Amino acid sequence: MNSSVLAELAVIYDSGQTRPLAPLLSPLLSKKTQSTAPAESNDQNLSSKSLLGPATLSNLLPIRSPGLAAGDTADSQLNPEALGRLAQGNPRPFFLIGSDAVSVQWLATHYDTLKALGAVGMLVQADTEADVRRVAEAAQGLSITLGSGSDLAAALGIHHYPVLITRDGIRQ
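Rules used throughout
Residues numbered from 1 in each chain as written. Predicted model: local features only at pLDDT ≥ 70, side-chain atom pairs only at ≥ 80, totals over all residues. Heavy atoms only, no water. Salt bridge = Lys/Arg side-chain N within 4 Å of Asp/Glu carboxyl O. Helix = DSSP H or I, 4+ residues; strand = E, 2+ residues; numbered from the N terminus. Buried < 20%, exposed > 50% of the residue type's maximum accessible area, 1.4 Å probe, protein only. Polar contact = N/O pair within 3.5 Å; in protein donor to acceptor, adjacent residues only side chain to side chain. Contact = heavy atoms within 4.5 Å. Phe/Tyr/Trp six-rings, centres within 6.5 Å; stacked < 30°, edge-to-face > 60°. Pairing = 2+ DSSP bridges. Right-handed = clockwise from strand over helix to strand, strands pointing away.

1. Observations concerning the pattern of salt bridges
Right, on to step 1. Scanning the model with the defined rule gives three salt bridges in all.
Right, on to step 2. Residues Asp127 and Arg64 are paired through a salt bridge, measuring 2.3 Å at the closest nitrogen-oxygen approach. Of the two residues, Asp127 is situated in the loop between strand S3 (120-125) and helix H7 (129-139) and Arg64 in the loop between helix H3 (57-60) and strand S1 (69-70); the sequence distance between them amounts to 63 residues.
Right, on to step 3. Overall, Arg64 belongs to the partly exposed group, its relative accessible area being 47%.
Right, on to step 4. Note that Glu129 and Arg133 form a salt bridge whose closest N and O atoms lie 3.0 Å from each other. Here Glu129 and its partner Arg133 are both found in helix H7, four residues apart, which amounts to about one turn of the helix.
Right, on to step 5. Taking the relative accessible area as the measure of exposure, Glu129 reaches 29% and is therefore partly exposed.

2. Digging into the side chain of Ser150
Right, on to step 1. Assignment of secondary structure puts Ser150 in helix H8 (residues 150-156).
Right, on to step 2. Since its relative accessible area comes to 16%, Ser150 is described here as buried.
Right, on to step 3. For Ser150, the side chain forms a polar contact with the main-chain oxygen of Pro66, separated by 2.7 Å.
Right, on to step 4. Excluding residues that lie within four positions of it along the chain, Ser150 makes contacts with Ser65, Pro66 and Leu68.

3. Focus: the packing of aromatic side chains
Right, on to step 1. Counted by the stated rule, this structure contains one aromatic pair.
Right, on to step 2. Ring centres of Phe95 and Trp106 lie 6.1 Å apart, and the angle between their planes is 50°; on these two criteria the pair is classed as tilted. With Phe95 in strand S2 (residues 94-98) and Trp106 in helix H5 (residues 101-109), the pair connects residues that are 11 residues apart, well separated along the chain.

4. Brief notes about the pairing of S3
Right, on to step 1. Inspection of the sheet shows S2 paired to S3 by five bridges, in the parallel sense. Bridge pairing links Gly98 to Gln125 in S3.
Right, on to step 2. Direction of pairing for S3 relative to strand S4 (residues 144-146): parallel, over a ladder of three bridges. Residue Met122 lies in a different strand from S4, and its bridge partner there is Thr145.
Right, on to step 3. Note on the crossover from S3 through H7 to S4: the handedness is right-handed.

So this is what it looks like as structure tokens:
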């Protein structure tokens, strides 16, 4: 059996109204942090997607979040505007985490709290499949997605992870 055989894609639902995430984040961004870079053209996006290949973990790595690093958030305070936006539009707690030792230990330490809150996570830094597996093992079934947290971090004015983000604010 040939392992390079790909299954045909079955579209379950397509409203035709798919939109990029960046414009949806703009209400969260303060006027200073909004990007002035022009949006990429659809042709560039299509060609980039075609180069990714099948949706395998190795094709999603490495995960990078420029502007975010593992570290202590004790000295960072949310501005009142960002805190107000969180209170209005954050019904479910979520957390940002990396694959570094500090983040994995934080996840293990705060597991009970995260589970009780129904928090969902985003892995914002990982280099290898082993990194992702280590985080998944520590998560013990908590929902975690992979992706860059740069836009979200800029919108909230945070520079470090791991963090838990709730309607009440950001805490480590």
